[in-house]
Amino acid sequence: MTQLSVIIITCNEQANILACLESVSFADEVIVLDSGSSDQTVALARAAGAAVHVTQDWPGFGPQKNRALALARHAWVLSLDADERVSPALATEIRSAMRSERCQAFEIPRLTQFCGQWIHHCGWTPDRVLRLFRRGVARFSDDLVHERVIVDGLATARLNTPLLHFSYPTPTHYWRKLEQYSQAWAQQRASRGQHTSMGRAAAAGVVAFVRSYVFRLGFLDGAMGFAVCTMQAQAAFGKYFALYCLNQKK
């Protein structure tokens, strides 16, 4: 009852996949669901011993993670992104949590690195994500982006050791994710009939910067904190601007 399945969805993650898989070598099963990588992600994952499955379509983050979840066989599931790492201390805490009789789902604090610096403020820390849960009691939302784990009516607890997130080694990685997430967010909102204006987009950017830099103490992270908060402002503006453009097309 304390066996663990790790599920990871990938697409062109050859730079990350081996370190991610190595960090979860304590798991009883590791499943990689790839969505048509053109690099060596699949070959590297198979060579590392993961159970690799490939789909040629991309339904969005939520549906793809539900596909990976359906492949898991063990009692507990840990969902990871390829750019995340489980430290030995977190692995020990996960094993302990799986023996709990009170909770069936756990949030894990996430610590993110930006251009080589760990960011401790800006609203990035503590970034609690629900990633560990008993199989059969949870599923992912069907959102194209910013999906979440749904555990209807179940009590959740929190682990203490952070999950290490190496999401943005260079500014290029940030811009690439910003474009992908902004377009997916805008398409999702447009499909629901949401409309916006250029003024709303501008306000979103200003509010995002003030909130993260001032109220969430981004200035304490120095120059990189200012960069993160500025980029968060651009991300907030960008997603509403993308939605505005979609509204104009219609």
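Here the structure is a predicted model, which is why all the values come from computation and not from measurement.

The rules behind each value
For every chain, the first residue of its written sequence is number 1, and the numbers climb from 1 along that sequence. Only residues with pLDDT of at least 70 are given local features in this predicted model, and only at 80 or more are side-chain atom pairs given and counted; all residues enter the totals for whole chains, interfaces and linings. With hydrogens and water set aside, each side-chain value is computed from the structure's full complement of heavy atoms. Each patch is built from salt-bridge-free residues with over 30% relative accessible area, joining like charges within 9 Å and nonpolar side chains (Val, Leu, Ile, Met, Phe, Trp, Tyr) within 5 Å. Areas reported as accessible are Shrake-Rupley estimates using a 1.4 Å probe. Residue values count occlusion only from the protein chains shown. Salt bridges are defined by distance alone: a side-chain nitrogen of Lys or Arg within 4 Å of a carboxyl oxygen of Asp or Glu. Helix numbering and strand numbering both begin at the N terminus, where a helix is a DSSP run of H or I of at least 4 residues and a strand a DSSP run of E of at least 2. Axes here mean lines fitted to C-alpha atoms, for a helix over just the part in contact, with angles spanning 0 to 180 degrees between N-to-C directions. By definition in this entry, angles of less than 35 degrees are roughly parallel, angles greater than 145 are roughly antiparallel, angles of 65 to 115 are roughly perpendicular, and the rest are oblique. Handedness of a helix crossing follows the sense of rotation of the near helix relative to the far helix, less than a right angle counterclockwise being left-handed and clockwise being right-handed. Here, residues are in contact when the closest pair of their heavy atoms is within 4.5 Å. Any residue outside Ala, Val, Leu, Ile, Met, Phe, Trp, Tyr, Cys, Pro, Asp, Glu, Lys and Arg is labelled polar, Gly included; the first ten of those are nonpolar and the last four are charged. Counting of polar contacts relies on pairs of N or O atoms within 3.5 Å, with two restrictions inside protein: one atom must be capable of donating a hydrogen and the other of accepting it, and residues adjacent in sequence are counted only when both atoms are side-chain atoms. Note on aromatic contacts: the rings of Phe and Tyr and the six-membered ring of Trp form a pair at centre separations within 6.5 Å, being stacked when their planes are under 30 degrees apart, edge-to-face when over 60 apart, and tilted otherwise. To sort residues, take the accessible area from a 1.4 Å probe on protein chains only and compare it with the maximum for the residue type: under 20% means buried, over 50% means exposed, and anything in between is partly exposed. Two strands pair if DSSP finds at least two bridges between them.

Let us now look at a nonpolar patch on the surface. Where nonpolar side chains cluster on the molecular surface, the patch consists of Val206, Val210, Val214 and Phe215 and spans about 380 Å² of accessible area. With respect to the helices and strands, Val206 occurs in helix α6 (residues 198–215).

Here we come to the packing of α6 against helix α7 (residues 222–249). α7 packs onto α6 with a crossing angle of 160 degrees between their chain directions and a minimal axis gap of 8 Å. Considering the angle they form, α6 stands roughly antiparallel to α7. The handedness of the crossing between α6 and α7 is right-handed. Contact residues: α6 offers Met198, Arg200, Ala201, Ala202, Ala204, Gly205, Ala208, Phe209, Ser212 and Tyr213, while α7 offers Gly225, Phe226, Cys229, Thr230, Gln232, Ala233, Ala236, Phe237, Tyr240, Phe241 and Tyr244. Residues belonging to the contact of α6 with α7 are distributed by class as follows: 15 nonpolar, five polar and one charged.

Attention now goes to the pattern of salt bridges. Enumeration according to the criterion identifies 13 salt bridges in this entry. The partner of Glu29 in a salt bridge is Arg73, with the nearest N and O atoms 2.6 Å apart. Remark: Arg73 occurs in the loop between α3 (61–71) and β4 (76–81) and Glu29 occurs in strand β2 (residues 29–34); sequence separation between them is 44 residues. Sharing partners across several salt bridges, the network here consists of Lys65, Asp81, Glu84, Arg110, Asp127, Arg131 and Glu147.

Right, let's talk about the side chain of Glu147 for a bit. Turning to its location among the elements, Glu147 is positioned in the loop between β9 (139–140) and β10 (149–150). Within polar-contact distance, the side chain of Glu147 engages the side chain of Lys65 at 2.8 Å. If we skip the residues at most four places from it in the chain, Glu147 touches Phe61, Gly62, Lys65, Phe140 and Ser141.

Time to look at the packing of aromatic side chains. Geometry of an aromatic ring pair is reported as the spacing of the ring centres plus the angle between the planes. According to the stated counting rule, one finds 17 aromatic pairs in the structure shown. Ring plane angle 70 degrees and centroid distance 6.2 Å describe the contact between Tyr213 and Phe219, whose orientation is recorded as edge-to-face. What makes Phe219 partly exposed here is its relative accessible area of 40%. Between the aromatic rings of Phe237 and Phe241, the centroid separation amounts to 5.6 Å while the plane-to-plane angle is 10 degrees, which identifies the pairing as stacked. Placement of the pair is Phe237 and Phe241 together in helix α7, with a separation of four residues, close to one helical turn. Of the residues examined, Phe237 reaches a relative accessible area of 30% and is grouped as partly exposed.

Take the pairing of β4 next. Of all six residues making up β4, five are buried, and the element is well covered by its neighbours. Sheet topology note: the strand β1 (residues 4–10)/β4 ladder contains six bridges and is parallel. Within β4, the position partnered with Val6 by the bridge is Leu78.

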